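Here is what each chain is made of, one letter per residue.
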Amino acid sequence: MLLEDQLIAIRRQLHEYPEVSHEEYKTTESIRGWLTEAGIRILDYGLKTGVIAEVGGLRGGPVIALRADIDALPIQEETGLEYASKIPGRMHACGHDFHTASVLGAAYLLKQREDELAGTVRLVFQPAEERAEGAELVLESGALDGVSAIFGMHNKPDLPVGTVGIRPGPLMAAADGFVIEVLGQGTHAAVPENGRDPIVAASHIVTALQTISSRNVGSLESAVVSVTRFHSGTAWNVVPDKAVLDGTIRTFDPEVRTRVLARFEEVVRGVSAALGTTAELRWVKGPPAVHNDPALAKLTTSAAENAGLAVVEVEPSPAGEDFAYYQKRIPGFFVFMGTSGSREWHHPAFDLDERAMPLSAEFLAEWAKLGVDRFSTLQVGSRGGEENQNDL
Ligand code: NI
């Protein structure tokens, strides 16, 4: 079977059986099966779900990691595709099935030329990206110890097939979550003066939070504060004693992030106190911003060109991505692969053009190969002192 057909079949199988974060058991089993069939070494780092494997290393050399995320979302699919999800309420609505098949495809291509590889390519099939918990599990497992650089890719519906979006520096946002409990005092709706209304207080909090991005963040900076859930009350004639707000904050710059989070706490506590309620704020830890190492940009562009893809410089995305945790520990670069989709990530009708499948696999294989070449030159260079490290 042609590689393209094989990868599309793999992607469709994953698409039919999506599994959410930390529950990717069948997905893990399937990936292990596909790797084993291709004679690719699987490494045991004790992960409950997810797979670590590797190709190359026959002659020593550096280790470069290629990362795919493998989890799906708790969304009911509405694409009407013949290979739509067979699991109610579960969907690969972020295209992680595409990422998994792409890294597998790259592994197959690298395996064919394994004896030419000047180092090792470690394949990371990471669980639980959607909950931003998988990258840290992989790091804690030791699977990336000794890795010189890590590369990752996300599909991008608004980029056409045949293009790769590359951007040194910030690419995706820090994603902090919050839960606010506004505690008042319940009363009969007819005598609000006998209570302290948490709905009115929470409503003022929602409104006041909108001033953070408009009054505390500069015109050349950026931050988004979104309240996405507002729960309160049980009956039309009762003032409840509690209101709960959830939401998320997105920033790209660490200094802006610190300022926005501090301001957020002041607004929540201040407005709540002014209206006679108390607010309990809990942060839901999210990943920091994806920040691409500029020293790896040229190498990434060369890989795209070698794979016959057009390179475009993309705008940063306000979405979060736990690949950022890897970049805190080792040099890393993350790109967007054009997939000509008709819907954004996480939409129930999200889709992608499968013609991107073989291009993506070829690009990742080339990227890893160039990475291995470059870092093996650096290793030789640091011993011999002949190579210029500035030209990563
Ligand atoms: Ni995603």
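*Asks:* Which parts of the structure should I look at to understand helix α6 (residues 254-274)?
*Replies:* In an α-helix, one turn spans 3.6 residues; hence positions three or four apart end up facing the same way. Helix length check: α6, at 21 residues, gives a terminal C-alpha distance of 30 Å against a target of 30 Å (1.5 Å per residue), a fit within 8%. If you check which residues of α6 are buried, you get V256, V260, L261, F264, V267, V268, V271 and S272. Taken end-on, α6 shows its buried residues confined to a sector of 130 degrees, consistent with a single buried face. For α6, the exposed residues set more than 90 degrees away from the buried face come down to P254, T258, A273 and A274.

*Asks:* I'm lost on the domain arrangement of the protein chain in this one. Help?
*Replies:* Taken domain by domain, the protein chain consists of domain 1 (3-171 + 289-391) and domain 2 (174-284). Computed over C-alpha atoms only, the centres of domain 1 and domain 2 are separated by 37 Å. Contact between domain 1 and domain 2 buries roughly 480 Å² in total, counting both sides, with carbon and sulfur atoms accounting for 68%. Contact with domain 2 buries surface across domain 1, with A289, P318 and G320 losing the most and accounting together for 69% of the total. Our count for the contact surface shared by domain 1 and domain 2 stands at zero salt bridges. Summed over the shared surface of domain 1 and domain 2, the number is one residue pair in polar contact (both at pLDDT 80 or more). Looking at the side of domain 1 that touches domain 2 residue by residue, the class counts come to six nonpolar, two polar and no charged.

*Asks:* What am I meant to see in the pattern of salt bridges here?
*Replies:* Two side chains carrying opposite charge are able to pair once their charged atoms lie near each other. Evaluation of the coordinates by the stated rule reveals 25 salt bridges. Measuring nitrogen to oxygen at the nearest pair gives 2.9 Å for the salt bridge that ties D246 to R229. Of the two residues, D246 sits in strand β12 (residues 242-251) while R229 sits in strand β10 (residues 223-232), which places them 17 residues apart along the sequence. With its nearest N and O atoms 2.7 Å apart, the salt bridge here joins R259 to E255. Of this pair, R259 and E255 are both found in helix α6, four residues apart, which corresponds to roughly one turn of the helix. Looking at E255, the relative accessible area reads 44%, which means it is partly exposed. Several salt bridges share partner residues, and in doing so they unite R41, E54, K111, E114 and R122 into one network.

*Asks:* Would you explain the packing of helix α1 (residues 3-16) against helix α2 (residues 25-37) in this entry?
*Replies:* Angle between the axes and distance between the axes are the two parameters that describe a pair of packed helices. The N-to-C vectors of α1 and α2 enclose an angle of 165 degrees; their axes lie 11 Å apart at closest approach. Between α1 and α2, the angle falls in the class roughly antiparallel. In this structure, the crossing between α1 and α2 has a hand that is right-handed. Of the residues in α2, those touching α1 at I10, Q13 and L14 are T27, S30 and W34. Its residues assigned to classes, the contact of α1 with α2 comprises three nonpolar, three polar and no charged.

Thresholds, definitions, all that
- Residues numbered from 1 in each chain as written.
- Predicted model: local features only at pLDDT ≥ 70, side-chain atom pairs only at ≥ 80, totals over all residues.
- Heavy atoms only, no water.
- Helix = DSSP H or I, 4+ residues; strand = E, 2+ residues; numbered from the N terminus.
- Expected span 1.5 Å × (residues − 1).
- Buried < 20%, exposed > 50% of the residue type's maximum accessible area, 1.4 Å probe, protein only.
- Arc of directions from axis to C-beta.
- Domains from an automatic or database assignment.
- Buried area = accessible area lost by both parts, 1.4 Å probe.
- Salt bridge = Lys/Arg side-chain N within 4 Å of Asp/Glu carboxyl O.
- Polar contact = N/O pair within 3.5 Å; in protein donor to acceptor, adjacent residues only side chain to side chain.
- Nonpolar A, V, L, I, M, F, W, Y, C, P; charged D, E, K, R; others polar.
- Axes fitted to C-alpha atoms, helices over the stretch in contact; angles between N-to-C directions.
- Parallel < 35°, antiparallel > 145°, perpendicular 65-115°, else oblique.
- Left-handed = near helix turned anticlockwise from the far one by under 90°.
- Contact = heavy atoms within 4.5 Å.

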